[in-house]
Amino acid sequence: MTYRDLRAFLDALGDDVRRVDAPFDPRHEIAAALREARAEAPALLFENVAGHPGWRVVGNLIANRRRLARAFETAEAELAETYLQRKQRGIDPVDARDAPCKDVIVTEGDDLIGAVPILTHHERDAGPFITTGVVLCKDPATGRRGMGVHRMMVHAGRRLGILLANPPLSLFHAAAESRGEPLEIAVALGLEPALVVASVVKVGPLVPDKMAIAGALRGAPVEMVRGETVGVQVPARAEVVIEGRVLPNVRQREGPFGENTGAYFSNESPVVEVTAVTHRRQPIYPGLTPWSADVDMLLWLAAGTEMLGQLRAHVSGVADLELMGGTAGFSMVIATSGTSRTEVRRLIHLALAMDKRLKTVTVVDDDVDIRSPREIAWAMATRHRPAQDTIVIEGTEAYVIDPSASGAAQASKIGFDATRGGGGAAFDKARLSAAAVAKARAHLADLMP
């Protein structure tokens, strides 16, 4: 079954969604609830949003592999392989027969976005920030679609600040600005998980359009409709669409904002002049909170799994890969099988070169559970020899939101070989009897992890 929209996915989750009837304020309170919720907890649907009657907010939606696998209609163990296989083919979007995203159309007024319950997350955030808006635009020169997630700060009146740190939108804006022209955009909010994941993947020559990747991931074409005030197509079943123009040669302070790094980041960023807000009846606003399990899962599937496929093509024996939670994709652990120490070193260099976000890579054997911080720490403590098994790379490109870079143009990276290499029995992992473990789980299941 294909989930046509966010509502269909929520309906399918059933009891895995907790409906919150108590009033919660979009200023600090909803973000606090989402951050404090356990990753294994149900998704949270806030149905009484203070100051925003008729609106709802959903979060903790893809915080665990169980729900992410449900979104892709596959098993948890097959999630990475399912993603890699589907991404290789595209299903082009189609014109929509109806457009629920336009049930309500607002183009008049000084404060078009005031009705939207955009969350204020942290104590020192400069204001409300859109964190999971899928920004869509079209390159006027080539007609190529641009699609990505960019944080946006609510300024006064009709204006939003937008951090354009990544292509292609940053390139489209630079090209339009060089001509003294605004760049038309539309921000789609409240989408099913497959569409959100597709918006942050890296495109390739086989499928260069992220909307076609979205169709492949969800198993059906995305229904699209033209915006009301911009010449940009948007998902017809989005909960909310904000339309506008990125103004040329205009910058405004955007931030501070508590980023996915868990630290604050500010920037002099371009400004969007909002021209319309459209939405469904009883709309659902997506409340993805920075530095949360939702972000960890999104990065793992869209960036980590992508890296897994690339590394497997270059180094034999790559078994699995994990992005460490809470690191904004800066720290990765790779499991290998039968890979020599020289190949492990090459693997570390490759991984650190492929993604500019990566700062640390740790390679372990596949007898280590790479989703267990305790086992990773064990491998580092017992198999890593600091003097021989540490690789430091200097003069690399700094990532814009990395607080340790502090605006510097260059940074450094490090890799750790925590494999057993050619070691003998001294590196064998002490194991429990499989039969004894099975009996323990059968009789003491409530005590087992």
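Residues numbered from 1 in each chain as written. Predicted model: local features only at pLDDT ≥ 70, side-chain atom pairs only at ≥ 80, totals over all residues. Heavy atoms only, no water.

### Here's the deal with the sheet that holds strand β18 (residues 331-336)
Here comes step 1: As summarised here, the arrangement of the five strands in space is β17-β18-β19-β21-β20, forming an open sheet in which the pairing is mixed. Each edge of the sheet is formed by a strand with only one pairing partner; in this case those strands are β17 (318-323) and β20 (390-397). Taken pair by pair, the neighbouring strands of this sheet meet at an average axis angle of 20 degrees, ignoring direction.
Here comes step 2: When β18 meets strand β19 (residues 360-365), the two strands line up parallel, connected through six bridges. (Pairing = 2+ DSSP bridges. Helix = DSSP H or I, 4+ residues; strand = E, 2+ residues; numbered from the N terminus. Axes fitted to C-alpha atoms, helices over the stretch in contact; angles between N-to-C directions.)

### Focus: the pairing of strand β1 (residues 17-20)
Here comes step 1: Bridge analysis of β1 against strand β2 (residues 43-46) gives four bridges, and the strand direction is parallel. Bridge pairing links V20 to F46 in β2.
Here comes step 2: Taken together, β1, helix α2 (residues 29-36) and β2 form a β-α-β motif whose crossover is right-handed. (Right-handed = clockwise from strand over helix to strand, strands pointing away.)

### Here's the deal with helix α8 (residues 293-314)
Here comes step 1: Here α8 spans 30 Å end to end across 22 residues, near enough to the 32 Å set by a 1.5 Å rise per residue.
Here comes step 2: Taken as a whole, α8 carries its principal kink of about 40 degrees at W300. (Expected span 1.5 Å × (residues − 1). Bend = angle between axes of the 7 residues up to and from the residue.)

### What about the confidence of the model for the protein?
Here comes step 1: Per-residue confidence for the protein gives a mean pLDDT of 92; residues scoring 70 or more make up 98%.
Here comes step 2: Element-level pLDDT for the protein is lowest in helix α4 (residues 79-87), with a mean of 89, against a maximum mean of 98 in strand β16 (residues 284-286). (pLDDT = per-residue confidence, 0-100.)

### Notes on the layout of surface pockets
In this approach the atoms are scanned with a rolling probe the size of a water molecule, which exposes any empty space left behind.
Here comes step 1: Estimated volume of the largest pocket: approximately 1200 Å³.
Here comes step 2: Together, 48 residues line the largest pocket, and V149, N166, V200, R357 and Y399 are the ones closest to its centre.
Here comes step 3: By residue number, the principal contributor to the lining of the largest pocket is α8, which donates eight residues.
Here comes step 4: Partitioning the lining of the largest pocket into residue classes produces 27 nonpolar, ten polar and eleven charged.
Here comes step 5: The computed volume of the second largest pocket comes to approximately 270 Å³.
Here comes step 6: If you trace the second largest pocket, you find 16 residues lining it, with R65, E322, L323, G325 and R371 closest to the centre.
Here comes step 7: Those elements that place two or more of their residues in the lining of the second largest pocket are α8, β17 and α10 (373-383).
Here comes step 8: Partitioned by chemical class, the residues of the lining of the second largest pocket number ten nonpolar, two polar and four charged. (1 Å grid on protein atoms, 1.4 Å probe; cavity = no way out; pocket = protein on both sides within 12 Å on 5 of 7 lines; lining within 4 Å. Points joined across faces, edges and corners; volume = space filled by probe spheres on them. Nonpolar A, V, L, I, M, F, W, Y, C, P; charged D, E, K, R; others polar.)

### Let's talk about the environment of A351
Here comes step 1: Inspection of the secondary structure puts A351 in helix α9 (residues 341-354).
Here comes step 2: Expressed as a C-alpha distance, the spacing of A351 and Q310, which sit 41 residues apart in the sequence, is 9.1 Å.
Here comes step 3: Every residue in contact with A351, bar those within four places of it in the chain, is listed here: M307, L311, I334, L358 and V361. (Contact = heavy atoms within 4.5 Å.)

### As for empty space enclosed by the protein
Here comes step 1: Per the counting criterion, the structure on display carries four cavities of 30 Å³ or more.
Here comes step 2: Estimated volume of the largest cavity: approximately 180 Å³.
Here comes step 3: Forming the boundary of the largest cavity are 15 residues, of which L61, T132, V196, P286 and L288 lie nearest the centre.
Here comes step 4: Of all the secondary-structure elements, those providing two or more residues to the lining of the largest cavity are β3 (56-59) and α6 (193-199).
Here comes step 5: For the lining of the largest cavity, the residue count by class is nine nonpolar, five polar and one charged.
Here comes step 6: As for the second largest cavity, its lining consists of 14 residues, and the residues nearest its centre are R4, E192, L195, P235 and R237.
Here comes step 7: Taken together, the residues that form the lining of the second largest cavity break down as seven nonpolar, one polar and six charged.

### Here we look at the packing of aromatic side chains
Here comes step 1: Applying the stated criterion across every chain yields a total of four aromatic pairs.
Here comes step 2: Seen from their ring centres, F129 and F257 are 4.1 Å apart, and the 25 degrees between their planes marks the pair as stacked. Here the residue F129 occupies a position in strand β6 (residues 129-130), and F257 occupies one in strand β14 (residues 240-258), the gap between them amounting to 128 residues. Each member of the pair, F129 together with F257, is buried.
Here comes step 3: Residues F330 and Y399 carry aromatic rings whose centres are separated by 5.9 Å and whose planes lie at 90 degrees to one another, so their mutual orientation is edge-to-face. You can see F330 sitting in the loop between β17 and β18 and its partner Y399 sitting in the loop between β20 and β21 (410-417), a full 69 residues away along the chain.
Here comes step 4: In this structure, R65 packs its charged tip against the face of W300, placed 4.2 Å from the ring centre.
Here comes step 5: The aromatic ring of W378 is capped on one face by K429, whose charged end is 5.8 Å from the ring centroid. (Phe/Tyr/Trp six-rings, centres within 6.5 Å; stacked < 30°, edge-to-face > 60°. Buried < 20%, exposed > 50% of the residue type's maximum accessible area, 1.4 Å probe, protein only. Lys NZ or Arg CZ within 6 Å of the ring centre and 35° of its normal.)

### Here we look at the side chain of D389
Here comes step 1: Along the chain, D389 turns up in the loop between α10 and β20.
Here comes step 2: You can call D389 buried: its relative accessible area is 3%.
Here comes step 3: Within the structure, D389 has its side chain in polar contact with the side chain of R341 (distance 3.3 Å). (Polar contact = N/O pair within 3.5 Å; in protein donor to acceptor, adjacent residues only side chain to side chain.)

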